[in-house]
Amino acid sequence: MQSIHQTLPLFLKARPSGKWGRFGPLLVFSAVLHGSVISLWPDSESKPIITSGNPITVHLSPVLAHTDSTTAQQARSTPPRPQRGDNKPRSIHHSSISQKTEQGPSTPSKVIDDTTTHFDSDSISATSQDQALTSPGTRQERATLISQIEQELANHFYYPIKARKYGWQGEVHLAFSIGTDGTLFNIRIAQGSGYSTLDRAALFSLSEITRIESTLSDTMSLELPVIYRLHGG
Amino acid sequence: MNKLQLTFSLLLIGTSTSLQAIDTIDPVIVTATRTAQSADETLASVTVITREEIEQSQAGSLMELLHGRAASLDFSRNGGPGSNTSLFLRGSESDHVLVLIDGVRAASVTNGAYNWASLNPAQIERIEIVRGPHSTLYGSEAIGGVIQIFTRRGKGLHASLSGGSYGTAGATFGTGGELGEGRYHLNLSHKQSEGFSTTNASSTNYESDDDGYKNSSVGIGYSTPIGNDLEFGINLSHTKGRNDYDDGGYANAYAETQNNTAEMHIDWQTSENWNQRLSVNSSEDLNESHDSWPATITTRRKGINWQHDLETGHNSLLTLGLDAQQDHGKIADSYDEKTTTQAGYLQYQWSGKQLDLLLGARSDQHSEYDQHTTGRLVVGSRLGEGRLYASYATAFKAPTFNELYYPFYGDPTLLPEESVSVEVGYRRGQLRASLFKTEIDNLIQYNTLTWLADNIGQARITGAELEYGLQVSSWRVDSSVTLQKAEDVESGENLLRRAEKKIALTASGPVTAATDMGIEISYTGRREDSFGFPSQRVFLPSFTLLNLTGEYRISPNWRLKGRVENLLNDEYQLAYGYNTPGASAYISLHYTQ
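Presented here is an overview of the structure given in this document. Only a predicted model underlies this, so the values are computations on that prediction, with no experimental measurement involved.

1. Observations concerning the sheet that holds strand β7 (residues 104-105) of chain B
Here's step 1: Spatially, β3-β8-β9-β6-β7 (chain B) is the arrangement adopted by the 5 strands of the open sheet, whose pairing is mixed. At either end of the open sheet lies a strand with only one pairing partner, and these are β3 (45-50) and β7 of chain B.

2. Considering unusual backbone geometry
With glycine set apart, most residues show a phi of negative sign, and most peptide bonds adopt trans.
Residue and element names in this part refer to chain B.
Here's step 1: Phi angles above zero are rare outside glycine, and Ser 473 is one such case at about 45°.
Here's step 2: Locating Ser 473 in the fold gives a position in the loop between β25 (452-472) and β26 (475-488).
Here's step 3: We note that Asn 566 has phi near 50°; this positive angle belongs to a residue other than glycine.
Here's step 4: Looking at the element boundaries, Asn 566 is found in the loop between β32 (558-565) and β33 (584-592).

3. Brief notes about the side chain of B:Asn200
Residues and elements named next belong to chain B.
Here's step 1: Here Asn 200 lies in the loop between β12 (182-196) and β13 (211-226).
Here's step 2: Taking the relative accessible area as the measure of exposure, Asn 200 reaches 18% and is therefore buried.
Here's step 3: Among the polar contacts listed, one links the side chain of Asn 200 to the side chain of Asn 579, at a separation of 3.2 Å.
Here's step 4: Those residues in contact with Asn 200 that lie beyond four places of it in its chain are Tyr 206, Gly 577, Tyr 578 and Asn 579.

4. Remarks on helix α9 (residues 196-208) of chain A
Here's step 1: Here α9(A) is 13 residues long and its end C-alpha atoms lie 18 Å apart, about the 18 Å a rise of 1.5 Å per residue gives.
Here's step 2: Within α9(A), 12 of the 13 residues are buried, leaving the element largely enclosed by the surrounding structure.

5. Thoughts on the pattern of salt bridges
Here's step 1: Under the definition given, this model contains 44 salt bridges over all chains.
Here's step 2: Linking A:Glu208 and B:Lys353 is a salt bridge whose minimum nitrogen-to-oxygen distance equals 3.2 Å. On the criterion of chain membership, the pair formed by A:Glu208 in helix α9 and B:Lys353 in the loop between β19 (335-351) and β20 (355-366) is interchain, its members lying in two chains.
Here's step 3: Here B:Lys353 falls in the partly exposed class, since its relative accessible area comes to 48%.
Here's step 4: Linking B:Glu439 and B:Lys437 is a salt bridge whose minimum nitrogen-to-oxygen distance equals 3.7 Å.
Here's step 5: Look at B:Glu439 and you get partly exposed, because its relative accessible area is 30%.

Cut-offs and rules
- Residues numbered from 1 in each chain as written.
- Chains lettered and ligands numbered in written order.
- Predicted model: local features only at pLDDT ≥ 70, side-chain atom pairs only at ≥ 80, totals over all residues.
- Heavy atoms only, no water.
- Pairing = 2+ DSSP bridges.
- Helix = DSSP H or I, 4+ residues; strand = E, 2+ residues; numbered from the N terminus.
- Buried < 20%, exposed > 50% of the residue type's maximum accessible area, 1.4 Å probe, protein only.
- Polar contact = N/O pair within 3.5 Å; in protein donor to acceptor, adjacent residues only side chain to side chain.
- Contact = heavy atoms within 4.5 Å.
- Expected span 1.5 Å × (residues − 1).
- Salt bridge = Lys/Arg side-chain N within 4 Å of Asp/Glu carboxyl O.

Here you go:
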């Protein structure tokens, strides 16, 4: 019986006969597709990666001064690519900043454990745990500011399509400063994830925010870890 | 060293400016669903079945595994496991689903369909079921969708022994791990069953003897990085099977099958926004039937694919590819022919804050039917916590070798079968819902006026599918509902063996510290079938299957598992005149390192 199905296709695909019409719009559709693709093709170099509204302020912190020299180089140079074998990014310690922040109040791995299970697909969220901060400006002021930044950020970060396709995950540390008028400036990568796609996405997302609706008594320098994490599948 | 430098610079500059510390804000966590390799779930209806689920279900065949585990699947089978098995995805024809095994096209070129009985679930790591047309990436066959099967990987040693009803016995062995810079895997499996009679008294081929089957497979693979930017991989597989069936007057009819595949690829990260993959593959499928119409059928396929992924801006991806395929089909004493296909395709995907866009187009150049172009457009939008998408796509199926070349039936001037589909879908976490409509034109059917195959059919399929998964404490619950109407446009009759209603529920989780349980319930509505010549229509009644699974962990390395199938002993039919398993039980012992 099986062989009859194989050798006599009329049994395999026997269906009542009928008339048919050819698909006219196929070629038109393909032409439209080609046209739209060409016209929509974006120029990757057309958008500036870093938008610093306020390039230099009076109140540069010492650490900023230290990394300023490496900023341009870091933003442009490709971080080392990950080892393919284990599919994990190499950890990169470019600057003293990253060393310093690793001792900071929020241990990223801990945060991942706390939060990953709650998120829906494609949702972006920021944790809102209060931290004791030592700095100019009142604690109150900083806490308000940080929650504002977090809200802004939640709307700006995205998971790059290519990183989702290739299964790339990682953590990017962004360093930036906020001026007394709420302007973000000096945005740069403090520590790369090992995937330039993730680094550029993080940098671009933050640079989309030019200003926070807030006034400060003093310029602040902040470092923001951005964790890219895939689930499911 | 760095610390010293930092301290030093702090001291130096600290004297001239007010000292300011850098605060680390709480991390922003950006999460997303890992994209299936076959398609992006945010813009298409995709179900993924992982190794974990395969282990949990303990299903003895691909059909048993997939039935009730994803929406919009209809199966037909000419007897028990091991018998010829067909799948209808979203109501389309059995050769309208593209089956890729480690990226290699798996269907026979002679009758166009993949035999779902040939692969043992023990050899599988992951299955991606992509519903809806995807010819713009994959070319011919992807009208109802794409089912991509990745063979088993894994680390360490594993082995199992199994046995159960109908004289069924099996064994598996596998190992995997690091070798040099790279990774290897090796998997062996064997399964055999004395079975039961494939036919019942309503079949003209009826014979009462048991019809058993045997299936042995080996899969082996290695992948390794070469320097920083290259990765090389190779996968080889071999499957050998034999199954008995009934052929009326011809006693003890059986078929022997053999399948070999080889696949090699190189991934190259050319620059920070350009990745490319070059892959070559070759497959061979032999089928020798010993019955009243003996035949030796050979399929040989060779393919090469070169694909590029280019990041073209902020959150956009351009995929470009070239495909070439040579197919060779041979039925001893009937035909021995080759066809070639060359294709170029591109896909552009852009994702904004609110909107997503996907555009795809592909052109295939075929040695018989010349040129065929397909396109796909998907627009997506955030809606609440989820995403809504709408898509329009064309797809096609090249004529099979039987349709082109079989003496006194085939016609080399046949055109491809072609389809237009529209779909609206929504996805929010583990909730997936779609409404779809597909119209297939130029369907190849037997023309009683010319006595040849002809592009004379037309089909229309409309449907709605819903999949919902949730976690209830430590239990995993998945459900699906499919409502569909698949009909011949000219006659208004239903397409055969496709149910209008399907409902399924699976649940699994721990019962005690060492015991897991699982339950699978599925309802399949009534379907139409035909029999005899000239054919008569008949209804296959609806049926409900209830399966139970259990697992007991004897020690960290040893597990005892059991599966009870068709506990309600429903005497269901997947094809008129053919039998299906009654209540049956299987048990297995597993070792994992």
